[in-house]
Amino acid sequence: MAHRWTNDLTPADVTPKEVWLNRRQIVAGLGVGIGAGAIAGPGLAYTPDPSLEPNTFEDITTYNNFYEFGTAKEDPAKNAHLLQTEPWSITVNGMVDNPGEYTVEDLIGGFDIEERIYRFRCVEAWSMVIPWNGVELADVLDRVGVQDGARYVAFETVVQPENMIGVRRRVLDFPYVEGLRLDEARHPLTMMATGIYGEPMPKQNGAPIRLVVPWKYGFKSIKSIVRITLTDEEPPTSWNKANAREYGFYSNVNPNVDHPRWSQATERRIGGGLFQRRQPTLMFNGYDEVASLYEGMDLTEFY
Ligand code: MTE
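Heads up: these notes are all about the structure in this document. Within each chain, residues carry numbers counting from 1 in the order of the written sequence. For a predicted model such as this one, the threshold for reporting local features is a pLDDT of at least 70, and the threshold for listing and counting side-chain atom pairs is 80 or more; totals across whole chains, interfaces and linings nevertheless cover every residue. Computation of side-chain values: all heavy atoms of the structure, hydrogens and water removed.

**Some details on the site of the ligand**
Rules: Put simply, a residue is near a molecule or strand once any heavy atom of it comes within 4 Å of that molecule or strand. Distance and chemistry together define a polar contact, namely a pair of N or O atoms within 3.5 Å, with one atom able to donate a hydrogen and the other to accept it when in protein, and with adjacent residues in sequence counting only for side-chain atoms on both sides. Shrake-Rupley sampling with a 1.4 Å probe provides the accessible areas, and residues are treated as covered by the protein chains on show and by no other component. Think of it as three bins: nonpolar holds Ala, Val, Leu, Ile, Met, Phe, Trp, Tyr, Cys and Pro, charged holds Asp, Glu, Lys and Arg, and polar takes everything else, Gly as well.
What surrounds the ligand is a group of 16 residues, the closest being Asn64, Tyr67, Glu68, Arg210 and Lys223. Take Tyr67: an N or O atom from its main chain is 2.7 Å from an oxygen atom of the ligand. Within the contact set of the ligand, an oxygen atom lies 2.6 Å away from a side-chain nitrogen or oxygen of Arg210. Out of a free accessible area of 530 Å², the ligand has 99% covered by protein chains. Residues of the shell around the ligand, tallied by class, amount to seven nonpolar, six polar and three charged.

**Describing the side chain of Gln204**
Note the cut-off: Numbering of helices and strands starts at the N terminus; helices are DSSP runs of H or I of at least 4 residues and strands are runs of E of at least 2. Note on exposure labels: buried denotes an accessible area under 20% of the residue type's maximum, exposed denotes more than 50%, and partly exposed covers the range between, all computed with a 1.4 Å probe on protein chains only. Whether two residues are in contact is decided by their heavy atoms, any of which lying within 4.5 Å being enough.
By the element assignment, Gln204 lies in the loop between strand E8 (199-200) and strand E9 (210-212). Classification of Gln204 by relative accessible area gives buried; the value is 15%. Residues contacting Gln204, with those up to four places away along its chain left out, are Thr61, Asn64, Phe66, Pro76, Ala77, Ala80 and Lys223.

**A short note on helix H5 (residues 137-144)**
The buried count for H5 comes to six of eight residues, which makes it a mostly enclosed element. Every buried residue belonging to H5 is among Leu137, Ala138, Asp139, Val140, Leu141 and Val144, and all of these are buried.

Structural data, given as C-alpha cells:
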C-alpha cells in the first residue's frame, strides 16, 4: 500500500544530545540550591523534550480510559486481561458493497502495517505520544466498498458483561459507540491500529483492533471494535449521549473551546517526570493538514 502520509515525529526526534546535556548541568546546578534529594534518580540521565519523545510502553499501558473495565486510569490495566479476543469477528454493514462478518485478518491482511508516532490528546487535558502500528482506515473502507450516498462511519465496541466490570456497573450506556464523517474517516491520518511499539495491541488499549484519530480528543478513538457501519445519518456517539452539553460529535482538539468544567488551553504530558509541565494545546492537536475538512464550519458551534 502506498504511504500517503509521513510521520512528522520519529524516534530520532528526541531532544538533541547537547541540549539535554546542558539541561542536565542546569538541573545539577539547581540541585545545589534546592537540595540534591529533590533531583536524585535515574530519570536525570536523560531528559528528552517531553513534547516529542514517545511515552514509555509502561505509561501507555497503565494510564488508560476503557470504561468497560472501570473508570479509574489504572482499572483497565488491572481488569482488561479478561477481555476475550479470540475468536474476533467484526460486522461490516450498512451502505457497503461487501457486508458481512470479517476477521481482523480479512479486514487488514495484505496491507502494510505502518508505525506512526502520534500525539494523543485526551479531553481531560493530558496527553501522550504513542507509537501505533496499523493501517489507514481508508484502505479498509476501500476493501469493504463504500456505496454512493454513505456520509458517515459508525463504530461499536464489543460488550462482554461477564468479563467487563464497567458494563455490569453500567457506568455508560454500552455498547460504546463512535462515529466519523466519511471524509474524516478517509483522511490519511485516520488509522485502524493493531499494535503499540511493535507489540500486538494490549487489551487495555483496545485489542485486537481500534481506531486512532490524532486530531480529535482521545475518546473518539474507540477500542475493541466489533461493528463498522456505513450510513447517511450522523451516528450517535457515547460521550455525546452521556452529556451532550460537554461532548459534541466533532470533538476536535480545539484550545479555544473550553470543556464546560475546565480549560482546554494547555495540557499535561503524562510521564514528563521532573520536567513535566503544562504545554499549550495546539489546534487540531498540531495536525494542521486536517483544517481543510472543516472550512466554513464554525468550530465553536460544531465542537
Ligand atoms: N473505547 C471504549 N470502548 N471505551 C472507552 O471507555 N475511552 C476513550 C477511548 N476509547 C474508551 C474508548 C477515551 S476517553 C480515551 S482518552 C482513549 O480511548 C484512551 O485510549 P488509551 O487508553 O489507549 O490511551
